Amino acid sequence: MKRFLLVLCLAPAAWASDLVGSASCRSCHAEAYRIWAAGPHARAAQTLTPEQRQKPLCLQCHSRDEQRAGQADVQGVSCETCHGGGRFYQPAVVMRDKELSRLFGLVDPGPQSCMVCHGGQSPSLKPFDPKEAMQRIDHWTADRAARKPRLSMWLREKP
């Protein structure tokens, strides 16, 4: 009986998804969200035919997190596809601390992250250049600059 109760108590936590959905990122990262939403990753799942949407081989790149999304609305290549499930690092108190957010699962994706889908097995006709691709989807430079306090403004405010 004790085992049954233990399984019953732990089961919902084990089945819960660590995904919160891209809309959850929008409140703090509005510019990054806008750029992502206008780009090809946000619409990757829409490029699949109904038959392809049933194939795990296609979904593993076009909508990697859709199958494990739980209650979150996740379609296409979402913020969490590259940055990791946000359930634990999404709270503002965690996100304000760079090291803490990484301890709670935030990932800084690099070219190797892209190669999971755009690597040698990709059906793309054009060779993939990670450096050029990262510049094309740059959604962090302007967003970070907008949030970063300017030193000159800080100096002017000092008496």
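Going by the structure above, here's the rest.
Below is a summary of the structure that appears in this document. Please read all numbers here as calculations on a predicted model, not as lab measurements.

**Comments concerning the packing of aromatic side chains**
- A complete count under the given rule lists one aromatic pair for this structure.
- Consider the rings of Tyr33 and Trp36, whose centres lie 5.4 Å apart with planes at 50°: the pair is tilted. With Tyr33 and Trp36 both in helix H3 (residues 30-38) and three residues apart, the pair spans about one turn of that helix.
- Sitting over the ring of Tyr33, Arg26 keeps its end group 4.8 Å from the ring centre.

**Here's the deal with the side chain of Ser22**
- Relative to the assigned elements, Ser22 resides in the loop between helix H1 (2-15) and helix H2 (23-26).
- According to the relative accessible area criterion, Ser22 is buried, its value standing at 6%.
- Reaching out from Ser22, the side chain makes a polar contact with the backbone nitrogen of Cys79 at a distance of 3.3 Å.

**Section: the pattern of salt bridges**
- This structure, assessed with the given rule, holds three salt bridges.
- A salt bridge links Arg34 to Glu31, with the shortest nitrogen-to-oxygen separation between them at 2.6 Å. You can see Arg34 and its partner Glu31 sitting in helix H3, three residues apart, about one turn around the helix.
- Between Glu132 and Arg136 there is a salt bridge, with its nearest N and O atoms 3.0 Å apart.

**Details of H3**
- Listed as buried for H3 are Ala32, Tyr33 and Trp36. End-on, the buried residues of H3 take up no more than an arc of 100°, which puts them together on one face.

**Details of the side chain of Ser63**
- With respect to the helices and strands, Ser63 occurs in the loop between helix H4 (56-62) and helix H5 (79-83).
- A distance of 3.2 Å separates the side chain of Ser63 from the backbone nitrogen of Gly76, its partner in a polar contact.

The rules behind each value
Residues numbered from 1 in each chain as written. Predicted model: local features only at pLDDT ≥ 70, side-chain atom pairs only at ≥ 80, totals over all residues. Heavy atoms only, no water. Phe/Tyr/Trp six-rings, centres within 6.5 Å; stacked < 30°, edge-to-face > 60°. Helix = DSSP H or I, 4+ residues; strand = E, 2+ residues; numbered from the N terminus. Lys NZ or Arg CZ within 6 Å of the ring centre and 35° of its normal. Buried < 20%, exposed > 50% of the residue type's maximum accessible area, 1.4 Å probe, protein only. Polar contact = N/O pair within 3.5 Å; in protein donor to acceptor, adjacent residues only side chain to side chain. Salt bridge = Lys/Arg side-chain N within 4 Å of Asp/Glu carboxyl O. Arc of directions from axis to C-beta.

Structural measurements only, silent on function.
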